[in-house]
Amino acid sequence: MTSPPLSRVAVIGDVGGHTGALRRELRRLGADPVEGTLPPGLLVVQVGDLVHRGPDSDGVVALVDRYLRTQPDQWVQLVGNHEAQYLREPVFDWPDEVADATAETIRRWWGDGLMRVGVALPTPDGDFLVTHAGLTAGMWRAVLDTPIDARRAARRLNGLVGRRDAAVFRAGAMLGRRASGSAGPLWAEAASELVPSWFQTRIPFHQVHGHSTLVDWATGRFRGSAQIEDLTTVDPVARHETTRLDGGVIIGIDPDHGVEPTARWRSLEIPLAGPATT
Ligand SMILES: [Mn+2]
């Protein structure tokens, strides 16, 4: 049996244990979260941080596990720093923990290669690289050896797993370190590390990331330098932030859910021009 080609992608930002918010968005995209089916032609990419903050991390992981089991060609799951807490020695304190079975599911995804570091998406507007926190210029240069396209970048990022884990999991300012243009793809902070890292270097392809935001949505104010604000367009309804750089755009899509879910947010929907690469 052959499936129809995938014609569109929805990149879903951080979920943070909010099953209701994830189900609602999937339903809007034409999925049936009860039956666990995705509409033909739709690829879902979730950027990681499925768990913690909200009330039902276990439910979120179970929901995603169902899609990964039944429609693995239509769901790309990326790893976030919150999933990483269950893959290695925890690097930060977090008040709530997922159930043992949920932690096992997260480890199984990682061990089976069902949870990736990055994915490349060809679109009519050029190729996008999607990672949890974004690919910094320092990581692109020193660890990946300056890949010129998103497909190579995704392959090299995923190829680091098990060989150069320290680079994959490299922390940054969010763990109290000095802001670094070489922070890793699970940790780079958008305002202080990711976006500024590309100011001196032409960005070779577009990027989408979750993990952190340029705008403090509680106040509506930008974090970081005035330069970032000048280059960035904000969609407050979708909670998307698009920064135009020389060579491409960086789009942040973290809805910034807290203990309560964000009321209004959306996935980033883009037409697909070819198969995704991991
Ligand atoms: Mn994160």
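Above this text sits the structure in question.
Residues numbered from 1 in each chain as written. Predicted model: local features only at pLDDT ≥ 70, side-chain atom pairs only at ≥ 80, totals over all residues. Heavy atoms only, no water.

Caption draft 1: Quick look at the pairing of strand S12 (residues 248-252). Most of S12 is tucked away: five of the five residues are buried. What you see with S12 is no split at all: Gly-248, Ile-250 and Gly-252 on one side and Val-249 and Ile-251 on the other are buried throughout. Where strand S11 (residues 240-245) and S12 come together, five bridges link them in antiparallel fashion. Bridged to Leu-245 within S12 is Gly-248. Where S11 hands over to S12, the hairpin turn is made up of two residues, of which Gly-247 adopts a positive phi near 110°. (Buried < 20%, exposed > 50% of the residue type's maximum accessible area, 1.4 Å probe, protein only. Helix = DSSP H or I, 4+ residues; strand = E, 2+ residues; numbered from the N terminus. Pairing = 2+ DSSP bridges.)

Caption draft 2: Inspection of the pairing of strand S2 (residues 42-46) at higher detail. Counted residue by residue, S2 has five buried out of five residues, so it is predominantly covered. Side-chain alternation along S2 places Leu-42, Val-44 and Gln-46 on one buried face and Leu-43 and Val-45 on a second face that is also buried. In the sheet, strand S1 (residues 8-12) pairs with S2 via five bridges, with the strands oriented parallel. Residue pairing for S2: Arg-8 is matched across the bridge by Leu-42. Crossover S1 to S2 through helix H1 (residues 19-28) is right-handed. Assessed by its sense of winding, the connection that carries the chain from S2 through helix H2 (residues 57-70) to strand S3 (residues 75-78) is right-handed. (Right-handed = clockwise from strand over helix to strand, strands pointing away.)

Caption draft 3: Molecular detail of the coordination of the manganese ion. Distances from the manganese ion to its protein donors, namely Asp-49 (OD), Asn-81 (OD1), His-132 (NE2) and His-211 (ND1), fall within the range 2.1 to 2.2 Å. Relative accessible area serves as the criterion here: at 4%, Asn-81 is assigned to the buried category. (Donors = N, O, S within 2.8 Å, 3.2 Å for Na, K, Ca; no water.)

Caption draft 4: Broad picture of the layout of surface pockets. By volume, the largest pocket is sized at about 360 Å³. Considering the residues around the largest pocket, the lining is formed by 21 residues, among which Arg-53, Met-174, His-211, Asp-254 and Asp-256 are closest to the centre. Here the residues of the lining of the largest pocket sort into six nonpolar, eight polar and seven charged. Along the walls of the second largest pocket sit 16 residues, with Pro-72, Asp-73, Trp-75, Val-76 and Thr-278 positioned nearest its centre. If one sorts the elements of the lining of the second largest pocket by residue count, S3 sits on top with three residues. Class assignment of the residues belonging to the lining of the second largest pocket gives a composition of ten nonpolar, four polar and two charged. (1 Å grid on protein atoms, 1.4 Å probe; cavity = no way out; pocket = protein on both sides within 12 Å on 5 of 7 lines; lining within 4 Å. Points joined across faces, edges and corners; volume = space filled by probe spheres on them. Nonpolar A, V, L, I, M, F, W, Y, C, P; charged D, E, K, R; others polar.)

Caption draft 5: Fine view of H1. Among the residues of H1, Thr-19, Ala-21, Leu-22, Glu-25 and Leu-26 are the ones counted as buried. Buried positions in H1, seen along its axis, are confined to an arc of 165° and lie on one side of it. Buried positions along H1 lie against S1, S2, H2 and S3. (Arc of directions from axis to C-beta. Contact = heavy atoms within 4.5 Å.)

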